[in-house]
Amino acid sequence: MKLLVAFLVAVVLATETTNLSFAESTLEKIDKSGTFVVGTRTGSPPFAFVNKNNEWVGFSINLVEQGILPALSKKLNKQIKLEKKESTVPTRIPLLTSNAVDLIAETMTDTQVRREQVDFSLTFFITGAQFLVRKGSPVKGIQSIAGKRVAAQQGSTNAKILREKVPNAKLVEFQDQPAAFQALSQRQVDAYTNDGIQLAGLKAKAPKPDDWTVVGDFFSYDPYAMAMRKNDSDFRLVVNVGLMDAISSGLYFDLYEKWFGAKGEVPYPLTPENKRFLQLQVVPK
Amino acid sequence: MDFHVISNNFVFLIAQGFFGIGAFTGGTLRLAVPAIILGSTLGIILGLARLSPSPWLYGPAKVYVEFFRGVPLVMVIFWFWFIIPTLIGKSLPEYAVALTAFVVFEAAYLAEIVRAGIQSVARGQVEAAIATGLSKKQLMRHVILPQALRNMIPALVTQFIVLLKDTSLASIIGYVDLTKAAQIVNNREIRPFELYLFIAIVYWLCSYAMSRYARRLESSLSV
Amino acid sequence: MTYHFDWSTLWTGQSGGWLLQGVITTLQIFAVGLIIAIVLGICAGALRTVPIAPLRWLASSYVEFFRNVPLLVWMFFGYFSVPPLLPQAMQDWLFDHGAEFWAAVFALGVYHGARFSEVMRAGIQSIPKTQLEAALSTGLTVGQAYRLIIIPVALRLIIPPATNETVNLLKNSSVALTIGVAELTFQTRQIETYTAKAFEALAAGTVIYLALCLTIASIMARVERRVAIPGLIVQGHTGTS
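Calculation rules
- Think of each chain on its own: its residues are numbered from 1, step by step along the sequence as written.
- Just so you know, chain letters begin at A and ligand numbers begin at 1, following the order they were written in.
- Totals for whole chains, interfaces and linings use every residue, but because this is a predicted model, local features are given only for residues with pLDDT of at least 70 and side-chain atom pairs only at 80 or more, for both listing and counting.
- Note that contacts rest on C-beta atoms placed from the backbone: two residues are in contact if these are within 7 Å.
- Secondary structure elements follow DSSP: runs of H or I no shorter than four residues count as helices, runs of E no shorter than two count as strands, and numbering proceeds from the N terminus.
- Ten residue types, Ala, Val, Leu, Ile, Met, Phe, Trp, Tyr, Cys and Pro, are classed as nonpolar, four, Asp, Glu, Lys and Arg, as charged, and the remainder, Gly among them, as polar.
- Here the limits of each domain have been adopted from an automatic or database domain assignment.
- Paired strands, in this sense, are two strands between which DSSP finds at least two bridges.
- To define axes, lines are fitted to C-alpha atoms, for helices over the stretch in contact only, and angles between the resulting N-to-C directions are given on a 0 to 180 degree scale.
- Here the angle decides the label: under 35 degrees means roughly parallel, over 145 means roughly antiparallel, 65 to 115 means roughly perpendicular, and every other value means oblique.
- Should the near helix be turned anticlockwise from the far one by less than a right angle, the crossing is left-handed, and should it be turned clockwise, the crossing is right-handed.
- The term nonpolar core refers to a set of buried Ala, Val, Leu, Ile, Met, Phe, Trp, Tyr and Cys residues connected through C-beta atoms within 7 Å.
- Put simply, a residue is buried when 20 or more other C-beta atoms lie within 10 Å of its own C-beta and exposed when 12 or fewer do; between those, it is partly exposed, and each C-beta is set from the backbone.
- On a scale of 0 to 100, pLDDT captures the predictor's confidence in every residue.

S.K.: Requested: an account of the interface of chain C and chain B, with residues and values cited.
M.R.: If you look at the interface, chain C gives 28 residues, while chain B gives 30 residues. Going through the elements one at a time, helix H3 (71-81), helix H8 (159-172) and helix H10 (198-227) of chain C are the ones with two or more residues in the side of chain C that touches chain B. Sorting elements by how many residues they give to the side of chain C that touches chain B places H10 of chain C first, with nine residues. When its residues are assigned to classes, the side of chain C that touches chain B shows 17 nonpolar, 10 polar and one charged.

Put into structure tokens, the structure is as follows:
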């Protein structure tokens, strides 16, 4: 017993005076291992999810496979293998900072607070927070959510904003989206808050899509970007170049049409101003 | 109640979830079997260390066992998942993380079983063996360990069954074991009753088979 | 990439409050789960030893089924599969009063109830048959014999393995985070998400669990000394691990 306590105290004292640091940059790490590890979701259609054939697919995944991986292979002059790991809202930043993954490519909102812990790529999607409710529910938006049970993902921007704006709403936080949606479908909560496009994706993929409606004006602005470790400009440049090339070559818009087009998995037309915003992000060579 | 969700996804659930054959990193058996083997090895070493007269062996072993018996396995999994990559500077595949966490954790419990098993061998046996002139090593190999192993079998198999069930916690870090496979299908189809009942039955069958085998082993080995 | 250790994040800002809330929630699900588990364990354990076959079979089925399925599966079952089967009024009450909490204690209670029953059964079976025979010969019914003689003695015999199971229950409460219960491990993840100090958060959680486990063990040891029956010698293990 005493040995145990002594051991723990020693650990605390040792760490008080040390810092762990690695000189290796992300590009060096990928070069050495030959593998590019990406953190992505398994339950956020159509960005990253497991489809009916039990394949791991999605818009964000395609962007990485077809946009960023080639740029990486070109930069490092060798074929790089892509490895996907599951990340969720509470685990994605720790996975990044602990070197378990090199890039988070899913549905992460770029915020100033998060930029203190990680760096972000260009914005690759634009949406905002809304609510998913059963058809005919009295909830119509953030103004009618007070006192209701609302599901959200632990650590998400939606949870944070809701906690601040509507403190008397009963927030129930889940580890990931499917768990939250299930709570909603079993009437354990009255509404589920997440970014509008993800709610649209959930609704489209639900067993009975007509049972659900996405309500409310955007109560937040959510630009999606890919996250990576801080102060790694060389890697960040490669990721951004990959995205810029995808936009300028039209690959991005082909993928957008595939997933969000009229015949896509989740129809969500690209507004002209959003399209312009994406194109303006591409700086000249 | 619609059990078609089971038949439609049976291959994914069993081949990927249970055996680990598929596109994802996973498999309950692929984790449980090596964990049992490696965990037992480490457990035997620790158990013997616990009985050693030397404080350099006894001390660390005691701290190790007490530490891992006092923390939840979920915590240990998180430790290995987040801290180890930070310490060594590169990412580890989920399989390695999960396997390491299980081996390190279960070894603490197996060590206690080994220790109790060895201590349960009657003193008379030890004295008689020494009286016939056997060396310490021969004593261990031919007298104590065989009898100890026989005594340990019920407790060992119980612990192995516990380990099999504990593999379900690997799903928390995204390892696609049977539980995670069921979750993946459920996330899409929303049929929790059928899916979780199905995997409950699969786990039950395995545990039952293991305990039946252990009972047979015990009776065939009894003196 | 540098990791700066900063232990003060544990008590500055919201972290301290979260840790405390986590400990309280952990103790709550532990306490309620333990009560359910003990009640189920004593009943099922005793029923597995009575001379009435149908009762034995009933208890054995409960134990064998719930014991051999992972706790995580019972948590998911309790939270996702069970509520839709309940009457609407019960569902409404549940969802207004923390369904995840009740699902967690249900899972902990039935799972550890099965494990406790094995400990109880072994304890009862280690009492010489002569005790029961003597009790019956003085005119007590089987029910009375169990209630007044067998179970009280067995309860004292099983304190060491029961302590083990109690500590296991406390540690298993961490599994509840998967269904959204804001217990201690959940809160360490929360701190980690908002401060990025994974090492400190996990260390705090680990130390608290260690402290709780050691406290339970020492309380049980004290209880054992206080309720010991003079002259009743405990021979080695009476339970499963």
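S.K.: Let's hear about the domain arrangement of chain A: which residues, and what values?
M.R.: All names here are of chain A. According to the domain assignment, chain A consists of domain 1 (16-127 + 224-280) and domain 2 (129-215). Between the C-alpha centres of domain 1 and domain 2 the distance comes to 25 Å. In this assembly, 15 residues from domain 1 lie in contact with 18 residues from domain 2. Counting residues per element, the ones that place at least two in the side of domain 1 that touches domain 2 are strand S3 (43-44), helix H4 (89-97) and strand S8 (119-127).

S.K.: Account for the interface of chain A and chain B, with residues named and values stated.
M.R.: Across the contact, 27 residues belong to chain A and 23 residues belong to chain B. Those elements that place two or more of their residues in the side of chain A that touches chain B are helix H1 (2-16), helix H2 (26-33), strand S6 (81-86) and helix H6 (177-185) of chain A. Classifying every residue of the side of chain A that touches chain B gives 13 nonpolar, eight polar and six charged.

S.K.: Can you explain the sheet that holds S3 of chain A? Please cite residues and give values.
M.R.: The three strands are arranged S3-S4-S5 (chain A) in an open sheet whose pairing can be described as antiparallel. One side of each edge strand has no neighbouring strand; the edge strands of this open sheet are S3 and strand S5 (56-57) of chain A.

S.K.: Go over the packing of helix H9 (residues 184-195) of chain C against H10 of chain C with me, naming the residues and quoting the values.
M.R.: Residue and element names in this part refer to chain C. Running from N to C, H9 and H10 cross one another at 165°; their axes reach a closest spacing of 8 Å. Overall, the two elements H9 and H10 adopt an arrangement that is roughly antiparallel. The hand of the H9/H10 crossing is right-handed. Facing H9, whose interface residues are Leu184, Thr185, Thr188, Ile191 and Glu192, H10 presents Ala198, Ala201, Leu202, Ala204, Gly205 and Ile208. Partitioning the contact of H9 with H10 into residue classes produces seven nonpolar, three polar and one charged.

S.K.: Break down the nonpolar core for me, citing the residues and quoting the values.
M.R.: With 217 residues, the main nonpolar core has Ala151 of chain A, Ile77 and Ala98 of chain B together with Val73, Met75 and Ala104 of chain C as its most contacted residues. Counting residues per element, this core draws most heavily on helix H5 (residues 99-125) of chain C, which supplies 16 residues. Split by domain, the residues of this core number at least three in each of domain 1 (16-127 + 224-280) and domain 2 (129-215) of chain A. With near-sequence residues (within four places) excluded, methionine 75 of chain C lies in contact with Ala103, Ala104, Ala107, Val175, Ala176, Thr178 and Ile179 of chain C.

S.K.: Tell me what's going on with the confidence of the model for chain B, and back it up with residues and numbers.
M.R.: All names here are of chain B. With 98% of its residues at a pLDDT of at least 70, chain B reaches an overall mean of 86. The weakest mean pLDDT in chain B belongs to helix H6 (residues 123-131) at 80; the strongest belongs to helix H2 (residues 28-51) at 91. Scored by ipTM, the complex comes to 0.84, with pTM at 0.83.

S.K.: Explain the confidence of the model for chain A to me, and be specific about the residues and the numbers.
M.R.: Here chain A averages 87 in pLDDT, and 93% of its residues register 70 or above. Within chain A, strand S7 (residues 103-104) of chain A carries the highest mean pLDDT (95), whereas strand S1 (residues 19-21) of chain A carries the lowest (55).

S.K.: Give me the sheet that holds strand S9 (residues 129-134) of chain A: which residues, what numbers.
M.R.: All names here are of chain A. Taken together, the five strands give an open sheet; going across it, the order is S11-S10-S12-S9-S13, and neighbouring strands pair in mixed fashion. In this open sheet, the two strands that pair with only one neighbour each are strand S11 (170-174) and strand S13 (212-215). The sheet shows a mean angle of 30° between the axes of neighbouring strands, taken without regard to direction. When S9 meets S13, the two strands line up antiparallel, connected through four bridges.

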